[in-house]
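The lines below spell out each chain.
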Amino acid sequence: MSQLFSTATLGTLTLQNRLVMSPLTRNRATGNIPNELMAEYYAQRASAGLIITEGTSPSANGLGYPRIPGIYSAEQLAGWKRIADAVHARGAKIFMQLMHCGRIAHPLNLPAGARVLGPSAIAAAGDMYTDAEGMKQNAMPQAMSEADIRSAIEEYAQAAKNAVAAGFDGVELHGANGYLLEQFLRPNSNQRSDGYGGTIENRARFVLEVADAVIKAIGKDKVGIRLSPYGVFNDMTLYDKMESDYTWLAHQLNARGLVYIHVVDHSPMGAPKVPDSIKEMFRSVFKGKLILSGGYDAARAERDLAAGKCDLIAVGRPFLANPDLVARWKSGAAENAPDMDTFYTPGPKGYTDYPTLG
Ligand SMILES: Cc1cc2nc3c(=O)[nH]c(=O)nc-3n(C[C@H](O)[C@H](O)[C@H](O)COP(=O)(O)O)c2cc1C
């Protein structure tokens with residue numbers, strides 16, 4: 001009996017299967033506004049149980065990359081509404097990933113008046129693509145003042161309300177992969193000496209205040225979070241207390257009753273190994289749903305579900321390249337290979353033109 005293709009519950013929702021489309025930034029949102037091409041792309045993939053959108057900024061300050069969407073203007077909300085409707089019409093549920101890029105940004109990618117922010121004035125090593133001038137070093141962020149922190153929390157809460165007003169089933173807080181929330185969590189990017197830096201209780205304060213505000217805005221059944229313990233993407237570093245810090249965080253998130261935790265494992269992409277022990281820790285500490293991701297194929301997904309390691313499996317690159325991934329995994333058909341050259345380029349090529357089975 002397939003677990004993967006059986007229905008599942010998520011809060012008050014029933015998912016048509018346990019396959020989740022991972023959040024995938026695709027940079028097709030010209031002017032930071034979701035458009036018809038994006039609606040077509042998501043609708044093509046709506047045989048998933050749950051779609052988690054690409055990282056979407058709660059504010060102009062959070063738009064680090066070119067052509068990523070936001071959810072803070074009326075025009076953005078209207079664009080996302082068409083996407084949520086198109087996905088729902090085909091049976092999937094949809095959560096919006098709220099991604100504030102923080103210091104992974106360049107001013108050339110931001111609208112006039114927006115600011116590159118971070119917990120501390122420490123630039124991330126590495127380069128950022130800009131449409132205007134090609135590759136640039138990640139910008140030096142301004143260390144957020146307490147007022148900046150309060151407005152960012154308010155932006156997340158308003159963004160979550162906007163997502164629900166646009167018809168979304170919930171939001172995923174992007175607490176992974178070196179963006180603003182993880183920049184606060186990690187000691188190499190957070191060297192604050194106030195109540196938001198130092199101990200894990202302090203480094204996690206921003207994340208938990210964001211979670212509390214978003215829960216207050218839309219309800220805990222609609223709020224999940226993505227985390228990347230042991231992740232080093234975007235100049236995050238490994239450190240000694242990683243496992244105990246994330247264990248503490250798991251208890252806090254459990255106490256708040258979030259609907260899911262979504263664990264990133266980029267070791268199939270060459271990143272450091274994410275020990276099984278930390279995935280098992282999330283499973284035992286957190287009573288909501290657990291989503292595992294990273295390098296899954298159908299057989300491994302079935303195995304991990306059958307072993308009770310998680311409730312749902314998220315898949316990125318295979319979904320990117322196979323709009324009908326569910327049908328292919330059900331029938332064992334061959335898959336299209338993802339074309340990396342068109343991951344982040346504008347237009348339909350490598351986006352909506354991957355072939356489906358006849
Ligand atoms: C093109 C591309 C864009 C991505 N964008 C995001 C993103 O916006 N948010 C996020 O949390 N992860 C993002 N990821 C990571 C994926 O969600 C996923 O964790 C990763 O691809 C590993 O899963 P896979 O082996 O199934 O592809 C991205 C990955 C790729 C390849």
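Residues numbered from 1 in each chain as written. Predicted model: local features only at pLDDT ≥ 70, side-chain atom pairs only at ≥ 80, totals over all residues. Heavy atoms only, no water.

1. Re the pairing of strand β5 (residues 93-98)
The buried count for β5 comes to 5 of 6 residues, which makes it a mostly enclosed element. The pairing of strand β4 (residues 50-52) with β5 spans 3 bridges and is classified as parallel. Considered in β5, the bridge of Ile52 is made with Phe95. Handedness of the crossover is the feature at issue here: the chain leaves β4, passes through helix α2 (residues 74-89), returns alongside β5, and the resulting connection is right-handed. Both β5 and strand β10 (residues 170-175) contribute to a ladder of 4 bridges, which runs parallel. Across the sheet, the residue bridging to Gln97 is Glu172, located in β10. (Buried < 20%, exposed > 50% of the residue type's maximum accessible area, 1.4 Å probe, protein only. Helix = DSSP H or I, 4+ residues; strand = E, 2+ residues; numbered from the N terminus. Pairing = 2+ DSSP bridges. Right-handed = clockwise from strand over helix to strand, strands pointing away.)

2. Quick look at the sheet that holds β4
With parallel pairing, the 8 strands of this closed barrel are ordered in space as β3-β4-β5-β10-β11-β12-β13-β14. If you compare each strand with its neighbour and ignore which way they point, the axes differ by 25° on average. As judged from the 3 bridges shared by strand β3 (residues 19-21) and strand β14 (residues 312-315), these two strands associate in the parallel manner. Counterpart to Met21 in the pairing with β14 is Val315. In this fold α2 packs onto β4 and β5, with an angle of close to 145° to the strand it touches most, β5. Against the sheet, helix α6 (residues 205-218) makes contact with β10 and β11 (223-227), and its axis sits at roughly 175° relative to β10, the strand it touches most. (Axes fitted to C-alpha atoms, helices over the stretch in contact; angles between N-to-C directions. Contact = heavy atoms within 4.5 Å.)

3. Digging into unusual backbone geometry
Notably, Asn27 is not glycine yet its phi reads approximately 55°, a positive angle. Relative to the elements of secondary structure, Asn27 occurs in the loop between β3 and α1 (36-44). If you check the backbone angles, Asn234 has positive phi at about 60° while not being a glycine. In this structure, Asn234 sits in the loop between β11 and α7 (242-256).

4. So, helix α9 (residues 298-306)
Taken as a whole, α9 has its buried residues at Ala301, Asp304 and Leu305. Axial view of α9: buried residues confined to an arc of 100°, hence all on one face. Residues of α9 that are exposed and point over 90 degrees away from its buried face: Arg303 and Ala306. Positive backbone phi, approximately 75°, marks Gly308, located one or two places after α9. (Arc of directions from axis to C-beta.)

So yeah, pure geometry; function would need other evidence.
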